[in-house]
Amino acid sequence: MTKSEDYGLGPASFPRGWFIVADSTELSVDKPQAVKLFGRDLALYRGESGNPVMLDAHCPHMGTHLTASDSTALVNSGQQIEGDSIRCPYHGWRFGPDGQCDDIPYFDGPCPKAAKIRSYPVKEVMGCVMVWFDPEGGEPLFDAPDLPEWNDPGWVQWKLNCLGELDVHPIEVLDNMADVAHLGPTHGAPCEYFENELRDHIVIQRQGGVLKQYGCLLQSTTWYTGPGLLLSKQKFGDQLIYELIANTPVEDGKVRVWHGALVRSANEVATEADIAKAREAQAGALQSFSSDFTVWKNKRPATQIMKVPTDGPFHKIRAWHQQFYCEADKVSELQAKHNGIYHVRGMETPDDDARSLDVGLFD
Ligand code: FES
Ligand SMILES: [Fe+2]
């Protein structure tokens, strides 16, 4: 695997940001999950209040994995989750959602203060369980994206698709944001205008071109909120969708990838027919994304890019990426250094109509 330090990223191996860790529909109170992400063993469960909780997996008492040892009597009795707390399957120590042990069933004295597990900030938005990961253990520096259209009955929500793991560093997935020249050969929609903007923890791509297969203009404003979550607003004829592409580091140099598409229906409240059409639109978006996925799956790492002047600004996207691997106190300086709008030689820039796609997206 090609690692963060091979791309000149660091000192952290894993980036800070919001990342998808599970599909909301697959996390229930009676089914805690053992998750391996960010090179760590993690315990993910849903408390009885409905809130998801993520803790480092190993109990400080004797190192038991809180959610992988799922055949003990305690777990089988259905009493592992109490409120939003979880009991260790081995001897029953109880940990709150903040990771602090607050009950040892066979000891009357106070629980040791050191009996504490790292707990992660969690949000549940748009059908995704997301956590804030920070290699330094800090609190969130920015919000997770949350589209208001998700709860609009005129829009059809995605069914999250987990595409599995890729032996690719996330920086190569994010290269796509600058990659003006792949849109024709890979997606069949050569670009007619293109622009990147770096705005603190957000990177934006505005582009448009005729989708050859249909002879119709496809315009998009695509943005990453941090290094793990891409949303892309796409207008194609009378169709309007938001595509989601998410990558979460599993190990240094390996990511898990998710995909979805939130689709506007023709009615104020989507009908069965609208839902069926939206599923088709999601499948179409997935098919297009699969072209990127297959390229990534089979390519060798590009720690250096042999760039020609009419390639997009890969170096800028990669420089933007560094802010997620550096110490928190250096983030603002890096952002200020790279913020700005970047164009590609010989390529048109978006007009007012193309820019109108952005309205309300990043404010
Ligand atoms: S190992 Fe967890 S309670 Fe003993
Ligand atoms: Fe692509």
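Shown above is the structure to which this text applies.
Structural notes, computed from the coordinates. (Residues numbered from 1 in each chain as written. Chains lettered and ligands numbered in written order. Predicted model: local features only at pLDDT ≥ 70, side-chain atom pairs only at ≥ 80, totals over all residues. Heavy atoms only, no water.)

1. Notes on the environment of Asp-167
Test applied: The helix count covers DSSP runs of H or I at least four residues long, the strand count covers runs of E at least two residues long, and both are numbered beginning at the N terminus. Each residue's exposure class comes from its accessible area (1.4 Å probe, protein chains only) as a fraction of the maximum for that residue type: buried when under 20%, exposed when over 50%, partly exposed otherwise. Here, residues are in contact when the closest pair of their heavy atoms is within 4.5 Å.
Turning to its location among the elements, Asp-167 is positioned in the loop between strand 13 (161–166) and helix 2 (170–174). Since its relative accessible area comes to 55%, Asp-167 is described here as exposed. Separated by 132 residues in the primary sequence, Asp-167 and Lys-299 have C-alpha atoms spaced 9.7 Å apart. Those residues in contact with Asp-167 that sit more than four places away from it in its chain are Met-1, Gly-253 and Lys-254.

2. Considerations on the side chain of Arg-87
Worth spelling out the cut-off: Any N or O atom pair separated by 3.5 Å or less is treated as a polar contact, with the protein-specific requirement of one donor-capable and one acceptor-capable atom, and with residues adjacent in sequence counted only for side-chain atom pairs.
With respect to the helices and strands, Arg-87 occurs in strand 6 (residues 85–87). A relative accessible area of 10% means that Arg-87 is categorised as buried. Polar side-chain contacts of Arg-87 include one of 2.6 Å to the side chain of Glu-82. Only 2.7 Å separates the side chain of Arg-87 from the backbone oxygen of Gly-92, close enough to count as a polar contact. Other than its neighbours up to four places away in sequence, Arg-87 contacts Leu-74, Gln-80, Glu-82, Gly-92, Trp-93, Arg-94, Asp-103 and Pro-105.

3. Some details on the sheet that holds strand 11 (residues 128–133)
Rule in force here: For two strands to be treated as a pair, DSSP must find at least two bridges joining them. Axes here mean lines fitted to C-alpha atoms, for a helix over just the part in contact, with angles spanning 0 to 180 degrees between N-to-C directions.
Taking strand neighbours across the sheet as the criterion, the three strands line up as 1-11-10 in an open arrangement whose pairing is antiparallel. At either margin of the open sheet sits one strand with a lone partner, and together these are strand 1 (17–23) and strand 10 (122–125). Across the sheet, the mean angle separating the axes of adjacent strands is 35° when strand polarity is ignored. Summarising the sheet, strand 10 and strand 11 pair through four bridges and their orientation is antiparallel. Looking at strand 11, one finds that Glu-124 is bridged to Val-129.

4. Topic: the coordination of the iron ion (ligand 2)
Six octahedral donors around a metal ideally make angles of 90 or 180 degrees; four tetrahedral donors ideally make 109.5 degrees. As a reminder of what qualifies: In this analysis a donor is any N, O or S atom within 2.8 Å of a metal ion (3.2 Å for sodium, potassium and calcium), and since water is not included, sites may seem incomplete.
Each protein donor to the iron ion (ligand 2) is listed here as Asn-176 (OD1), His-182 (NE2), His-187 (NE2), Asp-292 (OD) and Asp-292 (OD); together their distances run 2.2 to 2.4 Å. All donor residues of the iron ion (ligand 2) come from one chain, and their arrangement in sequence is N-x5-H-x4-H-x104-D. Note on Asn-176: relative accessible area 18%, which makes it buried.

5. Concerning the nonpolar core
Operational definition: For this analysis, a nonpolar core means a set of buried residues of the types Ala, Val, Leu, Ile, Met, Phe, Trp, Tyr and Cys, connected via side-chain atoms within 4.5 Å.
In this structure, Ile-20, Met-126, Met-130, Trp-158, Trp-223 and Tyr-224 are the most contacted members of the largest nonpolar core, which totals 53 residues. Among the elements that take part in this core, strand 18 (residues 239–251) stands out by supplying five residues, more than any other. With residues near it in sequence (within four places) discarded, Met-126 still touches Pro-145, Asp-146, Leu-147, Trp-150, Trp-158 and Leu-231. Core analysis: the next-biggest nonpolar cluster, separate from the first, contains 16 residues, Phe-38, Met-54, Tyr-120 and Phe-133 among them.

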